[in-house]
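Residue-level structural notes
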Amino acid sequence: MKIHEYQACELLASYGVPVPSGIVVESADAAVAAYEQLAGDSATKVAVVKAQVHAGGRGKGGGVRVVRSADGARQAASEILSKPLVTHQTGPQGVAVKKLLVVAGVDIVKEYYVGMAIDRAAGCPVLIASSEGGVEIEAVARDNPDAIVREPVDPTTGLQAFQGRKVAYSIGLSGKLVSQAVKLMGNLARAFVATDASLAEINPLVVTPPTEAHPDGQLLAIDAKINFDDNALFRQPKIAAMADPSEQDEAEARAAEHDLNYINLDGNIGCLVNGAGLAMATMDLVKLHGAEPANFLDVGGSASEQAVTEAFRIILEDDAVKGVLVNIFGGIAKCDTIAAAIITAAKDVGFQVPLVVRLEGTNVEKARELLDGAKDSIPTFQTATDLTDAARKITVAIAA
Ligand code: GDP
Ligand code: MN
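Residues numbered from 1 in each chain as written. Chains lettered and ligands numbered in written order. Predicted model: local features only at pLDDT ≥ 70, side-chain atom pairs only at ≥ 80, totals over all residues. Heavy atoms only, no water.

**Notes on the pairing of strand S12 (residues 269-273)**
With 5 of its 5 residues buried, S12 lies for the most part within the structure. Of the pairings in the sheet, the one linking S12 to strand S14 (residues 323-330) comprises 5 bridges and is parallel in character. Along S14, the bridge assignment pairs Ile 269 with Gly 323. (Buried < 20%, exposed > 50% of the residue type's maximum accessible area, 1.4 Å probe, protein only. Helix = DSSP H or I, 4+ residues; strand = E, 2+ residues; numbered from the N terminus. Pairing = 2+ DSSP bridges.)

Dropping the structure here:
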């Protein structure tokens with residue numbers, strides 16, 4: 001599960017990570033009021049208006065604007081709210097912006113990156129840090145891997161001070177910033193473990209200019225992104241309550257309600273499969289035969305006829321779908337349940353597009369009987385003997 005930047009900042013602040021003060025708004029008028037409150041009386045008069053969407057790269061896409069006046073805040077807010085925000089993570093259609101975060105602007109001496117993730121190879125959380133902040137960490141990893149340091153974190157003890165110091169020195173921090181960094185990174189690690197996060201990034205973590213009170217400057221998290229492990233949400237009610245359904249793909253949300261594992265993709269072959277491994281293999285076979293899957297869909301082993309019918313509805317309501325491939329290996333799943341769902345979906349929604357079905361396993365005879373009996377009501381229906389045959393048939397059918 002993903003949350004917005006403003007929620008991530010609030011969460012990190014509650015764990016003692018320093019973040020700028022900010023106000024969430026939904027209109028240009030409210031953005032002006034927020035600007036006045038945060039920056040109107042400040043020495044620099046600088047604030048930042050930031051689109052709140054579940055996608056990164058907002059800065060480059062025009063979704064983060066540094067403003068120096070109330071008029072500037074109004075203009076930035078109305079521009080960002082007026083059209084979908086396109087970043088390298090949103091696809092060309094972009095995403096609608098409904099909320100803005102207005103924050104007090106800060107002067108930046110240098111930008112760093114710090115983040116927590118799970119190191120799957122090591123089987124433990126890992127702190128990742130870099131002196132190359134503000135840019136995508138994936139690009140740093142590719143172009144300048146030596147600029148990234150990693151430190152494993154034991155979830156039971158948290159990040160130890162000596163580890164924090166090692167990381168702080170290796171990204172080039174010195175003076176009073178080292179102890180600030182040790183505290184900040186320790187708190188970030190604590191937040192990560194306590195909330196069952198899968199990723200918690202501060203990019204950039206900035207150093208502000210020196211002041212009398214802080215001659216070495218101060219560390220401040222001016223952007224935060226946190227993703228959580230969906231499988232832990234049952235014990236994280238506060239985190240679960242932060243979900244923003246308007247940011248979720250509608251079909252994916254519907255599928256989740258029926259316990260279907262569904263992910264929308266760019267191709268045109270709708271795939272209905274049981275088991276994640278078989279679903280992956282089916283997508284591979286579709287691609288091998290020159291077509292592209294429109295979705296990943298694992299209906300699971302114990303899916304009810306109702307859930308499977310909903311799965312067909314979701315696939316058939318997608319205009320991009322030009323053909324449907326059903327590949328079921330009935331172990332726990334029963335082929336006749338799938339067949340019954342196909343028949344119901346044909347009645348309710350209708351298959352306007354070619355349908356190729358490959359069924360094997362539990363109750364397959366009964367399933368074949370059911371489908372044979374309903375053939376006339378599903379004119380685009382073909383059976384396949386195996387998966388290769390199915391992939392070939394659906395590719396030919398959509399080309400016809
Ligand atoms: P992202 O592009 O979605 O990662 O959004 P960020 O919140 O990271 O903002 C992008 C960039 O805008 C940062 O890397 C900074 O360079 C700049 N920026 C954001 N907030 C401020 C600020 O308060 N002051 C200044 N000077 N720059 C900022
Ligand atoms: Mn950022």
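**Details of the nonpolar core**
Core analysis: the biggest nonpolar cluster contains 43 residues, and Leu 173, Ile 202 and Ile 226 have the highest contact counts within it. Those elements that place two or more of their residues in this core are helix H1 (5-14), strand S5 (110-119), strand S6 (124-130), helix H5 (161-170), helix H6 (176-194), strand S8 (197-207), strand S9 (219-221) and strand S10 (224-228). With 10 residues, the top contributor of residues to this core is H6. Each residue touching Ile 226, except ones within four places of it in the same chain, is listed here: Met 1, Lys 2, Ile 3, Ala 8, Leu 11, Leu 12, Ala 197, Leu 199 and Ala 200. (Core = buried A, V, L, I, M, F, W, Y, C linked by side-chain atoms within 4.5 Å. Contact = heavy atoms within 4.5 Å.)

**Here's the deal with the packing of aromatic side chains**
The full count for this structure, using the stated rule, is 1 aromatic pair. Arranged with centres 5.7 Å apart and planes meeting at 75°, the rings of Phe 312 and Phe 351 form a pair that is edge-to-face. Here Phe 312 is found in helix H10 (residues 305-316), whereas its partner Phe 351 is found in the loop between helix H11 (335-348) and strand S15 (355-361), with 39 residues between them in sequence. Classification of Phe 312 as buried rests on a relative accessible area of 0%. For the cation-ring pair, Lys 110 lies above Tyr 112, with the distance from its terminal atom to the ring centre recorded as 5.1 Å. (Phe/Tyr/Trp six-rings, centres within 6.5 Å; stacked < 30°, edge-to-face > 60°. Lys NZ or Arg CZ within 6 Å of the ring centre and 35° of its normal.)

**Comments concerning the environment of Ala 232**
Mapped onto the fold, Ala 232 is located in the loop between S10 and helix H7 (237-240). In the structure, Ala 232 is positioned 35 residues away from Ala 197 in sequence and 8.8 Å away in space, judged by C-alpha atoms.

**Here we look at the site of ligand 1**
The immediate surroundings of ligand 1 are formed by 15 residues, with Lys 50, Arg 58, Gly 59, Val 106 and Glu 111 found nearest. Within the side chain of Glu 111, a nitrogen or oxygen atom sits 2.7 Å from an oxygen atom of ligand 1. Its free accessible area being 570 Å², ligand 1 has 78% of it covered by the protein chains. When residues of the shell around ligand 1 are traced back to their parent elements, those giving at least two are strand S2 (47-51) and S8. (Near = heavy atom within 4 Å. Polar contact = N/O pair within 3.5 Å; in protein donor to acceptor, adjacent residues only side chain to side chain. Areas by Shrake-Rupley, 256 points an atom, 1.4 Å probe, with all protein chains shown as cover.)

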